[in-house]
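Each chain, letter by letter, is given below.
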Amino acid sequence: MSDTITLNCLGNGSIALVKEVVAEGLTRRRLLDLGLVPGTKVEVIRRSPVGDPIAFNIRGAVIALRREVAGKVLVSPWG
Amino acid sequence: MGLTYQSTGQLTTREMFDAKSDNCDYIIALAGNPNTGKSTVFNALTGLRQHTGNWPGKTVQRAEGNYIYKSHRYRLIDLPGTYSLLSNSADEEVARDFICFARPDATIVVLDATCLERNLNLALQVMEITNKVVVCVNLIDEARRKKIQVDAAKLSERLGVPVVSTAARSNEGLPRLIELVSDVASKRVCPKPQPVSYSKDLEEAIARLEPRVRDVIGKDINPRWLTLRLLDGDTRLLQAIENHLNAGRTAPVVHGRRRDYSNGA
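Residues numbered from 1 in each chain as written. Chains lettered and ligands numbered in written order. Predicted model: local features only at pLDDT ≥ 70, side-chain atom pairs only at ≥ 80, totals over all residues.

J.: Can you walk me through the overall build of chain B in this structure?
T.: Looking only at helices and strands, chain B features 11 helices and 7 strands. Of all 265 residues assigned to chain B, the portion counted as buried reaches 39%. (Helix = DSSP H or I, 4+ residues; strand = E, 2+ residues; numbered from the N terminus. Buried ≥ 20, exposed ≤ 12 C-beta atoms within 10 Å, placed from the backbone.)

Printed below as a string of C-alpha cells:
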C-alpha cells in the first residue's frame, strides 16, 4: 500500500482511493452520504483560484469540498 | 371536516405540512438526489396543475401538484433534492420530516440510472422509514447511451419494493410508475423492504431500546428507525418529534449516557 495523505493534498487530475473518513458527527455523516466510503475512487477536477474549495468527481458527481473538510478524508494515491 | 387547528389549538401533522387530504385521495411524496430528473417526473405527472411556494418556516422551495388516475385524485409533493435524510441541512430536514410525520400514502424515490450506487443510499434511508416506496430508476435513456443496463426486476427483488425504469423526458415508463404508485397507495401491494442490518453491537442495542421506543411512540413512526436515530444522538430529530406530536403526549425517551457507535456503523 502506498502512503496515506489527505484529500486536499492531491494535485489536480490525480486519482486516489479513500482509506478512511476521520471526521466526526454531522460532517462524517455528510461525507459518507456523498459516497466517500473506504475504497471509493476520487478524482481531483479543479481548484478555485484561491485553492479552496476543491472540486472532486465522487461516484459520477462533481462535488466541491472545503479544504478543512477534505482534510478529514484519508486517501492513498492510485495509479 | 373534523377537528381543525381553530377548534383544537393543535395542528395535525398533515395540516402542518399543508398537504390537505380533504380534496385528494392519496398523498404521494417525490424524493431523490439532486439532478436525477425528479422535477421532470413531477412535471410529467402533474402537468400544469401545480402550486409552488416555500415550506412553512423554511426557505426551501416546495412544489405540489395533482393528477387523477382511475378516478382517484393524487397529490404529489416534490421534496427537496437530497443525498441523504440524516445530515440535517434544511433541505434534508424538510424531506425527512415530511416522510416521517406527514406519512404520505406512497413515496417515489427517483434514482439516476447512470449512477445508481450513489443514489441507492437515499433509497435505503427512505426504506428504513417507510415501506410504502416505489423506486423510479430515471434517466434510463441516458444510461442506455452510456451502455449501462439496469435490471429493474432484479433490483426490485433485492430491495423488496417495486422498481420501474423511466425516461421522464420522453414519458417512457411513466404509465407503469403511476400504476405502481396506485398499487402501493391503495395498499393493493404492500412492499417489504429488506431491512438494513447493522453490526452485532448495534443490533443488540436496537433490540434493547426498540421495545421501549415502541411503547412511547406507538406505530406513528417506524420504531426501528427512530431507535437508530436515538443511538445516533440525533437531537434535531427529537426536537422535531416534540414539535410535531401533540404536546404532552411525548415523554422523554432516553436519559443518561449513550455509547458511541459511529465507528461501528
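J.: How do you make sense of the overall build of chain A when you look at a structure like this?
T.: What chain A contains, in helices and strands, is 2 helices and 6 strands. In chain A, the succession of α and β elements from N to C terminus is β-β-α-β-β-β-α-β. The C-alpha radius of gyration of chain A comes to 11 Å, within 12% of the 12 Å expected for a compact globule of 79 residues. Overall, chain A is about 30 × 30 × 20 Å in size when its C-alpha atoms are taken along their principal axes. Of the contacts made within chain A by residues no fewer than 6 positions apart, 58% connect residues no fewer than 24 positions apart. (Rg over C-alpha atoms; globule rule 2.2 N^0.38 Å. Contact = placed C-beta atoms within 7 Å.)

J.: How should I be thinking about unusual backbone geometry in this particular structure?
T.: Excluding glycine, a negative phi dihedral is what most residues carry, and trans is how most peptide bonds are arranged. Cis geometry marks the peptide bond from Asp52 of chain A to Pro53 of chain A, where omega comes out at 5 degrees. At Asn35 of chain B, a position not held by glycine, the phi torsion is positive, near 60 degrees. Relative to the helices and strands, Asn35 of chain B resides in the loop between strand E1 (26-32) and helix H3 (38-46). Judged by C-beta crowding, with 12 C-beta atoms within 10 Å, Asn35 of chain B ranks as exposed.

J.: Help me understand H3 of chain B, please; the structure alone is not making it clear to me.
T.: Every α-helical turn comprises 3.6 residues, leaving residues that sit three or four positions apart pointing alike. Residue and element names in this part refer to chain B. Here H3 has its buried residues at Lys38, Val41, Phe42, Leu45 and Thr46. Down the axis of H3, the buried side of the element spans an arc of 110 degrees, and every buried residue falls inside it. Backbone geometry just after H3 places Gly47 at a positive phi near 60 degrees. (Arc of directions from axis to C-beta.)

J.: Is there a simple way to think about the confidence of the model for chain B in this case?
T.: Low pLDDT means the predicted atomic positions in that stretch should not be read closely. Residues and elements named next belong to chain B. Of all residues in chain B, 84% attain a pLDDT of 70 or more, and the chain-wide mean is 83. Under a pLDDT of 50 for its full length, residues 3-11 has, in the predicted model, 5 contacts with residues more than four places off or in other chains. Within the model, the stretch residues 247-258 combines pLDDT values under 50 with 10 contacts to residues more than four positions away or in other chains. We note a pTM of 0.82 for the whole complex and an ipTM of 0.81 for its interfaces. (pLDDT = per-residue confidence, 0-100.)

J.: Where do I start with the packing of helix H9 (residues 200-217) of chain B against helix H10 (residues 223-232) of chain B in this structure?
T.: If you want to describe how two helices pack, look at the angle between their axes and the distance between the axes. Residue and element names in this part refer to chain B. Where H9 contacts H10, the two axes come as close as 8 Å, and the packing angle between them is 115 degrees. Here H9 is positioned roughly perpendicular relative to H10, judged by the angle of their axes. Along this stretch, H9 crosses H10, giving a crossing that reads as right-handed. Of H10, the residues touching H9 (which contributes Ala205, Ile206, Leu209, Glu210, Val213, Arg214 and Ile217) are Pro223, Arg224, Leu226, Thr227, Leu228, Leu230 and Leu231. Across the contact of H9 with H10, the residue classes break down as 10 nonpolar, 1 polar and 3 charged. (Axes fitted to C-alpha atoms, helices over the stretch in contact; angles between N-to-C directions. Parallel < 35°, antiparallel > 145°, perpendicular 65-115°, else oblique. Left-handed = near helix turned anticlockwise from the far one by under 90°. Nonpolar A, V, L, I, M, F, W, Y, C, P; charged D, E, K, R; others polar.)

J.: In this structure, what is going on with the sheet that holds strand E2 (residues 50-54) of chain B? I would like to understand it.
T.: Strand pairing in a sheet takes place through backbone hydrogen bonds and is either antiparallel or parallel in direction. All names here are of chain B. Reading across the sheet, the 7 strands line up as E2-E3-E4-E1-E5-E6-E7 and stay open at both edges, with mixed pairing between neighbours. Whereas interior strands pair on both sides, the edge strands pair on one side only; in this sheet they are E2 and strand E7 (163-165). The mean inter-strand angle of the sheet, taken between neighbouring strand axes irrespective of direction, is 25 degrees. Bridge analysis of E1 against strand E4 (residues 72-78) gives 5 bridges, and the strand direction is parallel. Along E4, the bridge assignment pairs Ile28 with Leu76. (Pairing = 2+ DSSP bridges.)

J.: Before we go on, may I ask you to explain the sheet that holds strand E4 (residues 54-58) of chain A in this structure?
T.: Residues and elements named next belong to chain A. Here 6 strands make up an open sheet; going across it, the order is E1-E6-E2-E3-E4-E5 and the pairing antiparallel. Whereas interior strands pair on both sides, the edge strands pair on one side only; in this sheet they are strand E1 (5-6) and strand E5 (61-65). As judged from the 5 bridges shared by strand E2 (residues 15-21) and strand E6 (residues 73-77), these two strands associate in the antiparallel manner. Opposite Glu20, over in E6, you have Leu74 as the bridge partner.

J.: How do you make sense of the nonpolar core when you look at a structure like this?
T.: A general tendency of soluble globular proteins is for nonpolar side chains to be buried together. Residues and elements named next belong to chain B. Counting residues in hydrophobic clusters, the biggest one holds 80 residues, and the most contacted among them are Ile28, Leu30, Val109, Val134, Val135, Cys136 and Val181. Of the domains in this structure, domain 1 (5-185) and domain 2 (197-265) are the two that each give at least three residues to this core. Ignoring sequence-local partners within four residues, the contact set of Val109 consists of Ala31, Gly32, Leu122, Ala123, Val126, Val133, Val135 and Cys136. (Core = buried A, V, L, I, M, F, W, Y, C linked by C-beta atoms within 7 Å. Domains from an automatic or database assignment.)

J.: Looking at this structure, how should I read the environment of Arg46 of chain A?
T.: Relative to the elements of secondary structure, Arg46 of chain A occurs in strand E3 (residues 41-47). Spatially, the C-alpha atoms of Arg46 of chain A and Gly11 of chain A are 8.7 Å apart, while their sequence positions differ by 35 residues.

J.: Any chance you could explain the environment of Thr4 of chain A here in plain terms?
T.: For Thr4 of chain A, the location among the structural elements is in the segment before E1. In contact with Thr4 of chain A, not counting residues within four places along its chain, are Lys19, Leu74 and Ser76 of chain A.

J.: Even after reading the chapter, I still don't get the pairing of E2 of chain A, so can you show me in this structure?
T.: Bridge analysis of E2 of chain A against E3 of chain A gives 3 bridges, and the strand direction is antiparallel. Bridging from a neighbouring strand, Leu17 of chain A pairs with Lys41 of chain A of E3 of chain A.

J.: Can you walk me through the pairing of E2 of chain B in this structure?
T.: On a regular strand, one side chain projects to one face of the sheet and the next to the other, so that they alternate. E2 of chain B sits mainly on the outside: 0 of its 5 residues count as buried. With antiparallel pairing between neighbouring strands as the criterion, E2 of chain B and strand E3 (residues 61-69) of chain B make up a hairpin whose turn holds 6 residues, including Gly57 of chain B at a positive phi of roughly 75 degrees.

J.: Which parts of the structure should I look at to understand the environment of Ala123 of chain B?
T.: Residue and element names in this part refer to chain B. For Ala123, the position within the fold is in helix H5 (residues 116-129). Among the residues examined, Ala123 registers 26 C-beta atoms within 10 Å and is labelled buried. Apart from the residues within four sequence positions on either side, Ala123 is in contact with Val109, Leu111 and Val135.

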